[in-house]
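Here is what each chain is made of, one letter per residue.
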Amino acid sequence: MHSSEHNIPCGSTNVLHLPGLCQNERRRLSSVLINVAKVLLLLYMFICSLDILSSAFQLAGGKVAGDIFRDSAILSNPVAGLVVGILVTVLVQSSSTSTSIIVSLVSSGLLEVRSATPIIMGSNIGTSVTNTIVALMQAGERDEFKRAFAGATVHDCFNWLSVLVLLPLEASSGLLRWLSHAVVSSFHLKGGQDAPELLKIITEPFTKLIIQLDKSVITGIATGNEHMRNRSLVKIWCRSGPQTVRGMNRNLAKMQKCRHLFVDSSMSDLAVGLILLAASLLVLCSCLVLLVKLLNSLLKGQVTKVIHQLINTDFPYPFQWLTGYLAILVGAGMTFVVQSSSVFTSAITPLIGIGVISLERAYPLTLGSNIGTTTTAILAALASPSDKLAAAFQVALCHFFFNVLGILLWYPVPLTRLPIGMARFLGERTAKYRWFAVLYLLLCFLLLPSVVLVLSMAGWQVMVSVGAPFVSVLVFICVINMLQACRPHCLPRKLRSWDFLPMWMRSLKPADTVITRVTLSCTKRLGHGKNRAMQRKHQLAAKSTTSQRNVQLAGENPAPSKLHDLHRLQDSMSTRL
């Protein structure tokens, strides 16, 4: 008799037993497993490229960031401190690095907790630039780009709105300082061991072969150690033994040369940083494009609908309000595992783009990610020495309470979830005018913070005289827009729309026309230059082939060439006569 398992049809429930699988089911299962392995490999390379990107930014701008932190007169201004936190975190591409510098400055007595709190808020804003850059990689598909950019900027909108409310409150009342001080004074804290680095256990074996940094150089420059200024950020000597070794001779015996690509390089930190920046961006873009394609192939058809419903469906009534808070816990837990809010939010951005995660579900996940990254800072503060523990823990708690209060402001009541509407508006604008994404990135994370920093350095009188009218006009426009959308009858007839303004003041179409013309003219010039170069190449090639043919003909039949020379000689003699 034949074995019954070989006659199992493909649609049978016994197909789950591997020996009884029909051929098509086996092929499908093997292709799915191969694609899942590819996704995991690409995700690993994606995370490693984010780590190397952070190292590249630290090499290119780490010493500048240390110099920025040195000027305590600037940092005493809350607005300037906020801007410094944004710029430094954008420069080093790591909120944990900027936070660790702040903790070192506070614990060494060079910076007060009062001045450190606005910088912590700025680092919270600066860390969201990474997933915004990741969203730009999906600009090829308009709908995907709209969803991905909205999912990335919901993080920015939450951070900016929280700062707009909590920074003036902190400057006037010291709420975050008071809360953190109350918690620190109520606990008898003792220095612990290092915070767990779960993700780095997996990624460091690869990233350490590319580059290793001595981050104490940035901290040393920030704390005023002039000897650190001439040192390179590229680590050359690594410790091979235990960290607690007494005596200089024994300590030196435990040092050995690091093993990475740039350990023997004579290039400057800036050159190494630019090389790593280009390479990591290339790997990041490639991994992201391949990830999106693989996820689209895996999550297509009925599978997408099932996963979409599973992730975005609320709990049954009357517990549907708990779904968002569960998502916050999931985001916090995942960020605690990977030890980086940038990695987590950048990883879910492609999923938002292809429609697997909705914007409404991505918002609480992002809020949870903000909480998760602060718990890592708290654990790192607990690892500080006992004499520096209280100040370090208080700064980490200021970061924690800032995000908790931001969630209480912009999440529990559905009407207060303004970041979702703002992010959706930005996504629609970038889908219509794709250049707007680059403008937004430069404006929010570079130009606007730089202008505010310059104004704050000029004095609070200059900053108020320039900033107050700008803020007043911005608030007026926002109020009029809300009334136009909700209650237009409350407005005068002229203000019920912006049609009375010139086109360039109420629409991006004129700017889009100019940018399109400029880009087209540039591409035409490049095209003409390429065509001319190609024509020259073809002409030179034609001349060379013609001369080669003449030489070949002369070599094969020398008599005609001699007759030709004789005719030329006769012609010249006749002209002389």
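Residues numbered from 1 in each chain as written. Predicted model: local features only at pLDDT ≥ 70, side-chain atom pairs only at ≥ 80, totals over all residues. Heavy atoms only, no water.

**Q** Sorry, what's going on with the overall build of the chain here?
**A** A tally of helices and strands in the chain yields 23 helices and two strands. In the chain, which comprises 577 residues, the share counted as buried stands at 39%. Total accessible area computed for the chain in this model is approximately 32,900 Å², and 65% of it derives from carbon and sulfur atoms. (Helix = DSSP H or I, 4+ residues; strand = E, 2+ residues; numbered from the N terminus. Buried < 20%, exposed > 50% of the residue type's maximum accessible area, 1.4 Å probe, protein only. Areas by Shrake-Rupley, 256 points an atom, 1.4 Å probe, with all protein chains shown as cover.)

**Q** How do you make sense of helix H18 (residues 418-432) when you look at a structure like this?
**A** With 15 residues, H18 should cover 21 Å at 1.5 Å per step; its first-to-last C-alpha distance of 22 Å lies within 8% of that length. Those residues of H18 that fall on the buried side of the exposure criterion are Pro 419, Ile 420, Ala 423, Leu 426, Gly 427, Thr 430 and Ala 431. One face of H18 carries all of its buried residues, which in axial projection span an arc of 135°. (Expected span 1.5 Å × (residues − 1). Arc of directions from axis to C-beta.)

**Q** Which parts of the structure should I look at to understand the UniProt feature "transmembrane region" (unreviewed entry) in the chain?
**A** Here, UniProt's "transmembrane region" (unreviewed entry) annotation points to residues 32-53, 73-92, 270-292, 325-351, 363-383, 389-413, 433-460 and 466-486. Structurally, residues 270-292 comprises 100% helix and 0% strand, and the distance from its first C-alpha atom to its last is 32 Å. Helix makes up 89% of residues 433-460 and strand 0%, whereas the separation of the span's terminal C-alpha atoms amounts to 37 Å. (UniProt positions renumbered as here; feature names shortened; annotations may be inferred.)

**Q** What should I look at first to understand the side chain of Asn 131 in this one?
**A** Tracing the backbone shows Asn 131 in helix H6 (residues 129-136). Taking the relative accessible area as the measure of exposure, Asn 131 reaches 1% and is therefore buried. Looking at Asn 131, its side chain comes within polar contact range of the main-chain oxygen of Ala 152, at 3.3 Å. The contacts of Asn 131, once residues within four sequence positions are left out, are Ala 152, His 155, Thr 345, Ser 346 and Thr 349. (Polar contact = N/O pair within 3.5 Å; in protein donor to acceptor, adjacent residues only side chain to side chain. Contact = heavy atoms within 4.5 Å.)

**Q** Before we go on, may I ask you to explain the packing of aromatic side chains in this structure?
**A** Two aromatic rings, taken as a pair, are described by how far apart their centres are and by the angle between their planes. Applying the stated criterion to the full structure yields ten aromatic pairs. With 6.2 Å between their ring centres and 40° between their planes, Trp 498 and Phe 500 make a pair best called tilted. A cation over a ring is seen here: Arg 417 above Tyr 411, with NZ or CZ 4.1 Å from the ring centre. (Phe/Tyr/Trp six-rings, centres within 6.5 Å; stacked < 30°, edge-to-face > 60°. Lys NZ or Arg CZ within 6 Å of the ring centre and 35° of its normal.)

**Q** Is there a simple way to think about helix H14 (residues 322-338) in this case?
**A** An α-helical segment advances 3.6 residues per turn. Residues three or four places apart therefore align on the same side. For H14, built from 17 residues, the straight-helix expectation of 24 Å at 1.5 Å per residue is met to within 8% by its first-to-last C-alpha distance of 25 Å. Looking only at H14, the buried set comprises Thr 323, Gly 324, Ala 327, Ile 328, Gly 331, Ala 332, Thr 335 and Val 338.

**Q** What is the right way to read the pattern of salt bridges from this model?
**A** Opposite charge on two side chains permits pairing when their charged atoms draw close. By the definition in use, this model includes six salt bridges. The shortest N-O distance in the salt bridge between Lys 208 and Glu 204 comes to 3.8 Å. Of this pair, Lys 208 and Glu 204 both sit in helix H9 (residues 200-210), separated by four residues, roughly a single helical turn. Asp 499 serves as the salt-bridge partner of Arg 506, at 3.8 Å between the closest nitrogen and oxygen. Look at Asp 499 and you get exposed, because its relative accessible area is 56%. (Salt bridge = Lys/Arg side-chain N within 4 Å of Asp/Glu carboxyl O.)

**Q** Explain the state of the cysteines to me, please; I cannot follow it from the model alone.
**A** Throughout this description, disulfide means a covalent bond between two cysteine sulfur atoms. All chains considered together, the criterion is met by one disulfide. Cys 238 shares a disulfide with Cys 258; S-S distance 1.8 Å. Between Cys 238 and Cys 258, the disulfide has an S-S torsion of 110° and is therefore right-handed. Placement of Cys 238 in strand S1 (residues 237-239) and of Cys 258 in the loop between strand S2 (255-257) and helix H12 (269-298) is noted, with a sequence separation of 20 residues between them. Comparing Cys 238 with Cys 258 shows no difference in burial state: the two are buried. Of all cysteine sulfurs in the structure, the one in Cys 287 sits closest to Cys 48, which takes part in no disulfide; the separation is 9.0 Å. (Disulfide = S-S within 2.5 Å.)

**Q** Would you take a moment to explain a nonpolar patch on the surface for this structure?
**A** On the surface, Phe 315, Phe 319, Trp 321, Leu 322, Leu 326, Leu 329, Val 330 and Met 334 cluster together to form a nonpolar patch covering roughly 780 Å² of accessible area. Here Val 330 shows up in helix H14. (Patch = residues over 30% accessible without salt bridge, like charges linked within 9 Å, V, L, I, M, F, W, Y side chains within 5 Å.)

**Q** What is the right way to look at the nonpolar core in this model?
**A** Ranked by size, the top nonpolar core spans 62 residues in total, and within it Leu 59, Ile 102, Met 121, Ile 211, Leu 276, Val 395 and Phe 445 carry the most contacts. Sort the elements by how many residues they give to this core and helix H17 (residues 389-410) lands first, with nine residues. Sequence-distant contacts of Ile 211, defined by excluding residues within four places in its chain, comprise Ser 55, Leu 59, Val 234, His 260, Phe 262, Val 272 and Leu 276. (Core = buried A, V, L, I, M, F, W, Y, C linked by side-chain atoms within 4.5 Å.)

**Q** How do you make sense of the environment of Leu 408 when you look at a structure like this?
**A** Looking at the secondary structure, you find Leu 408 in helix H17. Note: C-alpha distance between Leu 408 and Ser 162 (246 residues apart in sequence) is 9.9 Å.

**Q** It is not clear to me how the packing of H6 against helix H19 (residues 435-458) should be interpreted in this structure. Could you clarify?
**A** In helix packing, the relevant descriptors are the interaxial angle and the interaxial distance, both defined with respect to the helix axes. Where H6 contacts H19, the axes come no closer than 11 Å and their chain directions differ by 165°. Put simply, H6 runs roughly antiparallel to H19. The two elements H6 and H19 cross, and the hand of that crossing is left-handed. Counting all contacts with H6, which are made through Val 129, Thr 132, Ile 133 and Leu 136, the residues of H19 involved are Ala 437, Tyr 440, Leu 441 and Phe 445. Among the residues making up the contact of H6 with H19, the classes are represented as seven nonpolar, one polar and no charged. (Axes fitted to C-alpha atoms, helices over the stretch in contact; angles between N-to-C directions. Parallel < 35°, antiparallel > 145°, perpendicular 65-115°, else oblique. Left-handed = near helix turned anticlockwise from the far one by under 90°. Nonpolar A, V, L, I, M, F, W, Y, C, P; charged D, E, K, R; others polar.)

**Q** Can you help me understand the packing of helix H7 (residues 142-173) against H19 in this one?
**A** Taken N-terminus to C-terminus, the directions of H7 and H19 make an angle of 15°; their axes are 13 Å apart at the nearest point. It follows from the interaxial angle that H7 and H19 lie roughly parallel. For the pair H7 and H19, the crossing hand works out as left-handed. Contacts between H7 and H19 involve Phe 145, Phe 149, Thr 153, Asp 156 and Trp 160 from the first element and Ala 437, Tyr 440, Cys 444 and Phe 445 from the second. Partitioning the contact of H7 with H19 into residue classes produces seven nonpolar, one polar and one charged.

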